[in-house]
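One letter stands for each residue in the lines below.
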Amino acid sequence: MNPFEMVIGIVLIVTIGSLIRAKLGVRRDNRGNEYFARDAADSAEARRLQDEVRSLKDRIAVLERVITDNHSSSSLDREIDRLRDERN
């Protein structure tokens, strides 16, 4: 094998490796560290889950406030009905 063929072989191997890494979604940051790039479906799912957790935390805060308040049962009924209306 002459040196020219060896250089072509090395370039070919590096190119194929780069194509495989790009297909798998492996990226490099400015420091050369490798990481997997997230696709749009994963980030949309993460945003949806964050919104759901945020709404559940709000509901828990309201329920804690309703439980700890010393109001009459009629105001408690109105508060529960308001929460049901917001959820639907």
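So, how was this worked out
- Residues numbered from 1 in each chain as written.
- Predicted model: local features only at pLDDT ≥ 70, side-chain atom pairs only at ≥ 80, totals over all residues.
- Heavy atoms only, no water.
- Helix = DSSP H or I, 4+ residues; strand = E, 2+ residues; numbered from the N terminus.
- Buried < 20%, exposed > 50% of the residue type's maximum accessible area, 1.4 Å probe, protein only.
- Salt bridge = Lys/Arg side-chain N within 4 Å of Asp/Glu carboxyl O.

J.: In this structure, what is going on with the overall build of the protein? I would like to understand it.
T.: When helices and strands are counted, the protein shows three helices and two strands. Ordered by position in the sequence, the α and β elements of the protein form the string α-β-β-α-α. The buried share among the 88 residues of the protein stands at 8%.

J.: Mind showing me how you'd approach the pattern of salt bridges here?
T.: Should the charged atoms of two oppositely charged side chains come close, the side chains can pair. Summed over all chains, the structure comprises four salt bridges. Between Glu45 and Arg48 there is a salt bridge whose closest N-O contact spans 2.8 Å. Of this pair, Glu45 and Arg48 both sit in helix H2 (residues 40–68), three residues apart, which is roughly one turn of the helix. Assessed through its relative accessible area of 43%, Arg48 is described here as partly exposed. Of the charged contacts, one joins Arg84 and Asp81 as a salt bridge, the two residues approaching to 3.8 Å between their closest N and O atoms. Remark: Asp81 and Arg84 occur in helix H3 (residues 73–87); sequence separation between them is three residues, near one turn of the helix. Judged by relative accessible area, which is 49%, Arg84 ranks as partly exposed. Among the charged side chains, a salt-bridge network with shared partners connects Glu45, Arg48 and Glu52.

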